[in-house]
Amino acid sequence: MNVRLFGVLITAGILAAGFVFWRSTTTPDDAAPAITVSDVPSRGGQIVTSGRAGPRTFNRLIGQEQFSQVLSMLTQGRLVRVNYQTFEVEPWLAEKWDVSADGLTYTFHLRPGVTWSDGVPFTSEDVLFSVQAIFDAKSESFIADTLKVEGKPIAASARDAATVVITFPEPSGPGLRLLDSLWIVPKHKLEGALKAGTFARAWGTDTPPSDIVGMGPFVLREYVPNQRLIFDRNPRYWRKAADGTSLPYLDRIVYEIIPDQDAELLRLQSGDLDLTQSELRPDDYVPARRAEDKGTLKVAEVGLSPQADSFWFNLKPEAWKGDPRFAFVRRPEFRQAISYAVDREKFAENVFLGAAVPIWGPITPGNTLWFWPDVPRYFHDVNKAKALLKGLGLEDRNGDGVVEDAQGHEARFTVITQRGIGWFERGLAELRTQLAQVGIALEAAPLENATMNQRMVKSDYEAMYTRFGSTDVDPASQLDMWLSNGDAHFWHFGDTSPEPWEARIDALMKEQMATLDQGRRKAIFNDVQRIFAENLPVIYFATPRMYYAYNARVQGVKPSVLRPVALWNADMLSVRQSGTR
Amino acid sequence: MGRFFVRRLAFALLLVVAVSSSALLLTRLAPGDMTSELGLRARPEEVARTRARFDLDRSPAAQLGGWALRAARFDFGESFLYSRPVGGLIRRAAGNTAVLALAALAIATLAGIPLGIITGSRRGALAGAIRTASLVCLSIPPLLTSLLLLFIASRTGWLPTGGMTSVDAVDAGWLAWMLDVARHLPLPALALALPLAATFERLQAQAMTETIHQPFVVAALARGVRGRQLLIDHAWRASLRSMCAIYGLAIGALLSGSFVVEYVTAWPGLGRLMYEALRARDVYLVAGCAAMGGVFLAFGSVVSDLLLFAADPRVREGQTA
């Protein structure tokens, strides 16, 4: 064979393939048939959504991984729910309720005619059973702590099959919001397991899907580990649209398990996916906008995130084992100096590519109910930072660019963060650069998640930079973080001798938890935010703007700053029937 | 012959035990454990219960001993991540990986070996182009290859963008399901096969170059043997020895699963399962995946021996003697 001829043929083949590829990537819009679409939602169709991981259990009272929230929103029901857009409590399986004068007793009137997906009627017995299962010692339900006030459990009783009375042991500021996590499980399916003491293992992932019944808009049809879950429309779902159409609109939701977020974005752009469970990362914004220009995706600005990256020093004295650096780490002035030293505008620009706003406390403007705009602020001022450090005896005595105390102990710290998360690594690099200007040296130690968590729980670190999620915006959902003896008081685990300002926060948080007047609660919590910002046990720099991308054919998407971003509203989602994907 | 294979099987068993035991111990001794997956708000009693359920409250040696006794009865324990028996999870994932590995092996063999014969026996532009392409394929990390192929698939729509099956195949019959798997196979198989094909090409080329200068090839040429007959029947067959050794190992490595390719392309195989188990410190799932990987590596080693046995008369004679 003539080698040259062969080479020419190969080259021609490559060029032809390249041309076809180029055509296919540049002309799909021209080739697509003209379509007319309606914005009126209609019944039928399916959407494909995705997430990083699948379930560990189908039992919502046991499962606390992120997927459990998706699963329950698709397949289960509660008496009331927190609307993920307004953050207000709204009726769900209970159509109305009465409150006693002392605010301790709620009488719920259950919605008539509601049945489980297998046709069995829903009654007050199911609510009582769910409360019993949550507080059963053997069931190991993590929800039990949520449904306690001052450490005492709520009590439930039934007046009749359609009326439930729930009594709070003490006045509860969040009140009904607590019941957002009271998922109702079917007594007729799980009573045997509770009696046998095996409730914690009931509805494991090897349970046949037909045994998993619920009152959500969808029912589980199939689960293939590591691949996907398929949810079919629940024909017995109780909710109707304003025009009387039985919800949900969709016939099916497919949840693909895609571990890699880059691959997930490519599938979203190609139209293989309709929705994801998370907002866009800063780096994904531009490609998503391009896809929006082509008409394949829609990109919605969801709002400012209610969560923010946290930077803190370990304030547990024992963890420093006599390290002399703790003498200045424990001083609020040292942390205030850090706060002054960081140019938050620049931080937002470099870490979140401009899609973020500066913040000075854990409650961000994204939390519209509880954000306090007058929280003490530390505007960028390197001189003030240096003066504060000097006041602590920290100066660069040997000219190496790092400040040290009179005994030569340098302000040099190792900061742990989670490996593989772009904005954490960028954020830490930015902090390192900015704090170097005032002589504080940071050394980054990115660790994978399990190791990082273990180091945190064991207080085996000097400083840390990460972010914590939340399922509600009410401070009650973060009580274990605010209280000095709380399980999630992460900057000082096992704090048995709180500083005076911490003791004051403890008292204020308990007071606002027991206050029924929401205006008064807000005023008390503002005070908590003030004390927190003055003492800065944790320092916050910026909160990102959240953007959410989804397939343009999906209608009814109301993205939320809380997760799941879109599936919280799954019964109202629909697809354009006359369109093409 | 019989003793030879008994020895090989004993070695394989030793390999499986060593690999799975080491995996269990290393996972256990690494910082962090599965209870960190329970989150910051996990109550101490819940953490303690989880640790007891997965024998983390026992010493590593006691845990290993208990697991080994159960594993001897083919009970590999329960997975923390999936709340299912490890055995079933591994069987399913290993089957998926086997499908992918065999496809990748077929592509790599059919492309790599003929190309190696060409580059090992010829000079010129074509051989140079093949060599360059091989070096490129060897240089690009599998992560990049996977993402690149995924990108092409997403932009062109020629192939599905990941996964093993599509939703439409759920209600379809077996034939439609198999066709659907076949549609999903090329992308991850190519990502795995490209560097392997390049390796085969390079090794085959080197072996061919060495072989065609051997006296028996020159003698065949002097006897008038020409062209394809000389190349294939004489030179190639003799060059197969070095290929056989690497071929078996490649089979073992492929069957053990590539977590990068499986992770990016969302192929539900052994590599991805192992990766997720390691991330969550799911100790029994890690040990189970490692045991299965060990089985495959041992299988590859046996295949390698068999191929060598078939290809090299000296090995057969040695065994006989």
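Residues numbered from 1 in each chain as written. Chains lettered and ligands numbered in written order. Predicted model: local features only at pLDDT ≥ 70, side-chain atom pairs only at ≥ 80, totals over all residues.

Trainee: Requested: an account of the packing of helix H4 (residues 86-121) of chain B against helix H10 (residues 227-255) of chain B, with residues and values cited.
Mentor: All names here are of chain B. At a minimum axis distance of 11 Å, the contact between H4 and H10 shows a crossing angle of 150 degrees. With respect to H10, the axis of H4 lies roughly antiparallel. Considering how the two elements wind past one another, H4 and H10 form a crossing that is right-handed. In this structure, H4 contributes Thr97, Ala98, Ala101, Ala104, Leu105, Ile117 and Ser121 to the contact, and H10 contributes Leu231, Trp236, Ile251, Leu254 and Leu255. Classifying every residue of the contact of H4 with H10 gives ten nonpolar, two polar and no charged. (Axes fitted to C-alpha atoms, helices over the stretch in contact; angles between N-to-C directions. Helix = DSSP H or I, 4+ residues; strand = E, 2+ residues; numbered from the N terminus. Parallel < 35°, antiparallel > 145°, perpendicular 65-115°, else oblique. Left-handed = near helix turned anticlockwise from the far one by under 90°. Contact = placed C-beta atoms within 7 Å. Nonpolar A, V, L, I, M, F, W, Y, C, P; charged D, E, K, R; others polar.)

Trainee: If you had to explain the sheet that holds strand E17 (residues 356-358) of chain A to someone new, which residues and values would you point to?
Mentor: Residues and elements named next belong to chain A. Pairing is antiparallel across the open sheet formed by three strands, whose spatial order is E15-E22-E17. The sheet is open, and its two edges are formed by strand E15 (297-304) and E17, each paired on a single side. Strand-to-strand twist in this sheet, taken as the mean axis angle between neighbours without regard to direction, amounts to 20 degrees. Alignment of E17 against strand E22 (residues 542-551), held across three bridges, turns out to be antiparallel. Residue alanine 356 lies in a different strand from E22, and its bridge partner there is proline 544. Each of E17 and E22 touches helix H12 (residues 344-351); the most contacted strand, E17, lies at about 160 degrees to it. (Pairing = 2+ DSSP bridges.)

Trainee: I'd like a description of unusual backbone geometry, backed by residues and values.
Mentor: Residues and elements named next belong to chain A. Each neighbour pair has its own omega, and for leucine 247 with proline 248 the value is 0 degrees, a cis peptide bond. Mapped onto the elements, proline 248 comes out in the loop between strand E13 (228-233) and strand E14 (252-257). Cis rather than trans, the peptide bond between arginine 563 and proline 564 has omega equal to 0 degrees. Mapped onto the elements of the fold, proline 564 is located in the loop between strand E23 (554-555) and strand E24 (574-575).

Trainee: Tell me about H10 of chain B, and name the residues and values.
Mentor: Residues and elements named next belong to chain B. With 29 residues, H10 should reach 42 Å at 1.5 Å per residue; the first-to-last C-alpha distance of 37 Å falls well below that figure. At tryptophan 236, H10 shows its strongest bend, of approximately 45 degrees. Of the residues making up H10, those classed as buried are Leu231, Ala235, Trp236, Ser239, Met243, Tyr247, Gly248, Ala250, Ile251, Gly252, Leu254 and Leu255. Check the buried side of H10 and you find it contacts H4, helix H8 (186-211), helix H9 (215-222) and helix H13 (283-311). (Expected span 1.5 Å × (residues − 1). Bend = angle between axes of the 7 residues up to and from the residue. Buried ≥ 20, exposed ≤ 12 C-beta atoms within 10 Å, placed from the backbone.)

Trainee: Got a sec to walk through the confidence of the model for chain A? Specific residues and values, please.
Mentor: When pLDDT is averaged along chain A, the result is 90, and 93% of the positions lie at 70 or above. Taken together, the stretch residues 23-37 of chain A has pLDDT below 50 and engages in 15 contacts with residues farther than four places along the chain or on a different chain. (pLDDT = per-residue confidence, 0-100.)

Trainee: Provide a residue-level description of the sheet that holds strand E1 (residues 46-51) of chain A, including the pertinent values.
Mentor: Residues and elements named next belong to chain A. Read from one edge to the other, the open sheet built from four strands follows the order E1-E14-E13-E12, with strand pairing classed as mixed. Two strands bound the open sheet, and with one partner strand each, they are E1 and strand E12 (218-224). If you compare each strand with its neighbour and ignore which way they point, the axes differ by 20 degrees on average. With six bridges connecting them, E1 and E14 associate as parallel partners. Opposite glutamine 46, over in E14, you have arginine 252 as the bridge partner. Contacts from helix H3 (residues 66-75) reach E1, E12, E13 and E14 within the one sheet, and its direction differs from that of E12 by about 135 degrees.

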